[in-house]
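# Inside the fold
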Amino acid sequence: MKGLLFDFSGTLFRIESTESWLRAVLDEAGLALPDSEFTATAAALHTVGALPGGPTAHVEVPAHLAELVAVRDMDADRHRAAYTGLARQVPLPDERLYDALYDRQLRPEAWLPYPDAADVLSGLRERGIPVAVVSNIGWDPRPVFVAHGLDAYVDAYVLSYRHGVQKPDPRLFAAACEALGVAPGDALMVGDDRRADGGASALGCAVHFVDHLPVDARPDALRPVLRLVG
């Protein structure tokens, strides 16, 4: 392999828990909920899929948001509108909290890298293999990589909202391969979404999947990548 493509959320990084997300926003706003109400509210936000970067397999999107959610990663405005729309299904004590919740997930402290991410990315750099991050996303995750010391290992960021296409569209993977100067047949895509990240195979890329698990439950799933590249 001459180039590596990595997904962002659920692959290299994981967003904080819904409870941590909600708690941080309430604390910043100087608000509090009784324990039972807090627990119920966090659970409801999880159920409706309001946390960007969280697992979505369980989410049933309401009809009035279905079209927007389907294209949420095409541009920044739709991304915000989709996630604040999902969150608004859950009553909160202040209307401003919906935007505050969205803004929280843009901040580096809301994200943690998987334990083996630094070792794998630095190992690829030592081998002279360039790396691109290929993400369905509505904002620029570079500050997250910078804050956690991983930006130095990434050669290109290929983001759906900047290209106006989203995975599994092969054009996003093609843009990543072009940015790295490698042919698709010489590239490996690593991701957690079988459908979205698996779209790279249509272009001729090899694909390797990891599971979208909490950081403390997935200590070394990225390490096989170093064996795959030799």
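One can find the structure itself at the top, above this paragraph.
Described in the following lines is the structure provided in the data block.

What counts as what
- Residues numbered from 1 in each chain as written.
- Predicted model: local features only at pLDDT ≥ 70, side-chain atom pairs only at ≥ 80, totals over all residues.
- Heavy atoms only, no water.
- Axes fitted to C-alpha atoms, helices over the stretch in contact; angles between N-to-C directions.
- Helix = DSSP H or I, 4+ residues; strand = E, 2+ residues; numbered from the N terminus.
- Parallel < 35°, antiparallel > 145°, perpendicular 65-115°, else oblique.
- Left-handed = near helix turned anticlockwise from the far one by under 90°.
- Contact = heavy atoms within 4.5 Å.
- Nonpolar A, V, L, I, M, F, W, Y, C, P; charged D, E, K, R; others polar.
- Disulfide = S-S within 2.5 Å.
- Buried < 20%, exposed > 50% of the residue type's maximum accessible area, 1.4 Å probe, protein only.
- Pairing = 2+ DSSP bridges.
- Polar contact = N/O pair within 3.5 Å; in protein donor to acceptor, adjacent residues only side chain to side chain.
- Salt bridge = Lys/Arg side-chain N within 4 Å of Asp/Glu carboxyl O.

## Examining the packing of helix 1 (residues 18-29) against helix 5 (residues 97-104)
- Close contact between helix 1 and helix 5 brings their axes to 10 Å; oriented N to C, the two are set at 120 degrees. Taken together, the axes of helix 1 and helix 5 lie oblique to each other. Classified by chirality, the crossing of helix 5 by helix 1 is right-handed. Touching Trp-21, Leu-22, Ala-24, Val-25, Leu-26 and Ala-29 of helix 1 are Leu-97, Ala-100, Leu-101 and Arg-104, all from helix 5.
- Class assignment of the residues belonging to the contact of helix 1 with helix 5 gives a composition of 9 nonpolar, no polar and 1 charged.

## Things to note about the state of the cysteines
- Per the counting criterion, the structure on display carries 0 disulfides.
- In this structure Cys-177 is not part of a disulfide, and its nearest cysteine sulfur, from Cys-205, lies 4.1 Å away.

## A word on the pairing of strand 1 (residues 3-6)
- Residues Gly-3 and Leu-5 of strand 1 are buried on one face, and the alternating residues Leu-4 and Phe-6, pointing to the opposite face, are buried as well.
- Taken together, the 4 bridges between strand 1 and strand 6 (residues 187-191) define a ladder with parallel strand orientation. Across the sheet, residue Gly-3 finds its bridge partner in strand 6, namely Ala-187.
- As defined by bridge partners, strand 1 adjoins strand 4 (residues 131-135) across 3 bridges and the pair is classed as parallel.

## Comments concerning the sheet that holds strand 7 (residues 206-209)
- The strand order across the open sheet formed by 5 strands is 5-4-1-6-7, and the pairing between neighbours is parallel. Of all the strands in the sheet, the pair left with one neighbour each is strand 5 (156-159) and strand 7. When strand polarity is set aside, the average angle formed by the axes of neighbouring strands in this sheet is 20 degrees.
- Where strand 4 meets strand 5, 4 bridges bridge the pair, whose relative direction is parallel. Within strand 5, the position partnered with Ser-135 by the bridge is Leu-159.

## Things to note about unusual backbone geometry
- Cis geometry marks the peptide bond from Lys-167 to Pro-168, where omega comes out at 15 degrees.
- The topology assignment puts Pro-168 in the loop between helix 8 (160-163) and helix 9 (170-180).

## Some thoughts on the packing of helix 3 (residues 63-70) against helix 4 (residues 76-87)
- Contact geometry of helix 3 with helix 4 gives a least axis separation of 9 Å together with a crossing angle of 150 degrees. In this view, helix 3 runs roughly antiparallel relative to helix 4, as classed from their interaxial angle. Here the hand of the crossing between helix 3 and helix 4 comes out left-handed. Contact residues: Leu-65, Leu-68 and Val-69 in helix 3; Arg-78, Ala-81, Ala-82, Gly-85 and Leu-86 in helix 4.
- Taken together, the residues that form the contact of helix 3 with helix 4 break down as 6 nonpolar, 1 polar and 1 charged.

## Some points on the side chain of Ser-9
- Residue position: Ser-9 is located in the loop between strand 1 and strand 2 (13-15).
- A polar contact is formed between the side chain of Ser-9 and the backbone oxygen of Gly-53, at a distance of 3.2 Å.
- For Ser-9, the contacting residues outside a window of four places in its chain are Gly-53, Trp-111, Asp-192 and His-212.

## A short note on the pattern of salt bridges
- Under the criterion given, the structure shown has 17 salt bridges.
- Residue Asp-99 is joined to Arg-80 by a salt bridge in which the shortest nitrogen-to-oxygen separation is 3.0 Å. Note that Asp-99 is positioned in helix 5 and Arg-80 in helix 4, a separation of 19 residues in sequence.
- In this structure Asp-99 comes out as partly exposed when scored by relative accessible area, which is 34%.
- Linking Arg-125 and Asp-155 is a salt bridge whose minimum nitrogen-to-oxygen distance equals 3.2 Å. Here Asp-155 lies in the loop between helix 7 (142-147) and strand 5 and Arg-125 lies in helix 6 (residues 117-126), a separation of 30 residues in the sequence.
- You can call Asp-155 partly exposed: its relative accessible area is 44%.
- Connected via shared salt-bridge partners are Asp-7, Lys-167 and Asp-197.

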